[in-house]
Amino acid sequence: MTATDPADPTDPTDGDLLVRFTAGDAAALEALFARYEGPVFRFLFGILRDHHAAEDALQETFVQAIRSADAVTPEGFRGWLFTVAHRQAMLTKRKAKRLPAQADDLVLLGLVGGDPADARTARADDARAVFELIDLLPAPQRAVILARVVEGKKFREVADGLGCPLNTALARMHEGLKKLRQLWEARHA
């Protein structure tokens, strides 16, 4: 039996890795992602039948996994992860039916839509405040967030551009968003 054999009793369980990750061990997150990247991608591709859509849904699944890792029971991680993946696949399908991608981006930016002008102005003010807070983040986290959110790059492209593993880019995004939320709450308390 090899160390990469999933039935190897010396390999850490998903639960062990999840507990280590929630305690701050980034290597545990990388091990979980390495373990599930292929199976979750194949699952998503089976639903979406589109390579790029499945890749996007995979990235969003892992982002959700990072954000919610504290709320998951270690024993139920695998089932929970596939549930999140299924939810992301359904969101992707609904989004594809609703609007073309370019129109979706314009709606998100508040440039079109049925909102009154004052609501769009308020969103623009919030966006400026968020960018000010992003400038306060550590450089690695700031780089990932800007590349993903502002430039619209996929996580794999972000990782390649920054010369880091995919899991590192995902972890930096998670930590950056967590810090950004804390900064936002402190400013608006």
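Let me sum up the structure you'll find in this document.

Along its length, the protein carries nine helices and zero strands. For the protein, the N- to C-terminal ordering of α and β elements is α-α-α-α-α-α-α-α-α. Looking at the 189 residues of the protein, the share that counts as buried comes to 34%. If you take every contact in the protein between residues at least 6 apart in sequence, the share linking residues at least 24 apart comes to 57%. Here the protein displays about 11,100 Å² of accessible surface, and carbon together with sulfur accounts for 57% of that area.

Counting 46 residues, the largest nonpolar core has Val40, Leu44 and Leu170 as the members making the most contacts within it. Listing elements by their share of this core, those giving two or more residues are helix H1 (14–22), helix H2 (26–48), helix H3 (51–67), helix H4 (77–98), helix H6 (117–134), helix H7 (139–150), helix H8 (155–162) and helix H9 (166–187). When residues of this core are assigned to their parent elements, the largest contribution, 10 residues, is made by H2. Setting aside residues up to four positions removed in sequence, Leu44 forms contacts with Arg49, Ala54, Ala57, Leu58, Thr61, Ala85 and Ala89.

The next subject is the pattern of salt bridges. Using the criterion set out here, one finds eight salt bridges in the structure. Note that Arg20 and Asp25 form a salt bridge whose closest N and O atoms lie 2.9 Å from each other. A residue is classified by how much of its surface remains accessible, and Asp25, at 26% relative accessible area, is partly exposed. A salt bridge links Glu132 to Arg187; the nearest nitrogen and oxygen atoms lie 3.1 Å apart.

Looking now at unusual backbone geometry. With a phi close to 55°, Arg49 is a non-glycine residue in the positive phi region. Topologically, Arg49 is positioned in the loop between H2 and H3.

All right, on to H2 then. The largest bend in H2 amounts to roughly 45° and is located at Tyr36, with the proline Pro39 lying one to four residues further along. Among the residues making up H2, those that are buried are Ala28, Leu29, Leu32, Phe33, Tyr36, Val40, Phe41, Leu44, Ile47 and Leu48. Looking at where H2 begins, the residue whose side-chain oxygen comes 3.0 Å from the main-chain nitrogen of Ala27 is Asp25. The first or second residue beyond H2 is Arg49, which carries a positive phi of 55°.

Mapped onto the secondary structure, Gln59 falls in helix H3. Not counting residues within four places of it along the chain, the set of residues in contact with Gln59 comprises Arg148, Lys154, Phe155, Arg156 and Leu170.

The next thing to look at is the packing of H7 against H9. The interhelical angle for the contact between H7 and H9, taken along N-to-C directions, is 100°, at an axis separation of 8 Å. Considering the angle they form, H7 stands roughly perpendicular to H9. For the pair H7 and H9, contact is made by Pro140, Gln141, Val144, Ile145, Arg148 and Val149 and by Ala169, Arg172, Met173, Glu175, Gly176, Leu177 and Lys179, respectively. Looking at the contact of H7 with H9, its residues break down into seven nonpolar, two polar and four charged.

Conventions we followed
Residues numbered from 1 in each chain as written. Predicted model: local features only at pLDDT ≥ 70, side-chain atom pairs only at ≥ 80, totals over all residues. Heavy atoms only, no water. Helix = DSSP H or I, 4+ residues; strand = E, 2+ residues; numbered from the N terminus. Buried < 20%, exposed > 50% of the residue type's maximum accessible area, 1.4 Å probe, protein only. Contact = heavy atoms within 4.5 Å. Areas by Shrake-Rupley, 256 points an atom, 1.4 Å probe, with all protein chains shown as cover. Core = buried A, V, L, I, M, F, W, Y, C linked by side-chain atoms within 4.5 Å. Salt bridge = Lys/Arg side-chain N within 4 Å of Asp/Glu carboxyl O. Bend = angle between axes of the 7 residues up to and from the residue. Polar contact = N/O pair within 3.5 Å; in protein donor to acceptor, adjacent residues only side chain to side chain. Axes fitted to C-alpha atoms, helices over the stretch in contact; angles between N-to-C directions. Parallel < 35°, antiparallel > 145°, perpendicular 65-115°, else oblique. Nonpolar A, V, L, I, M, F, W, Y, C, P; charged D, E, K, R; others polar.

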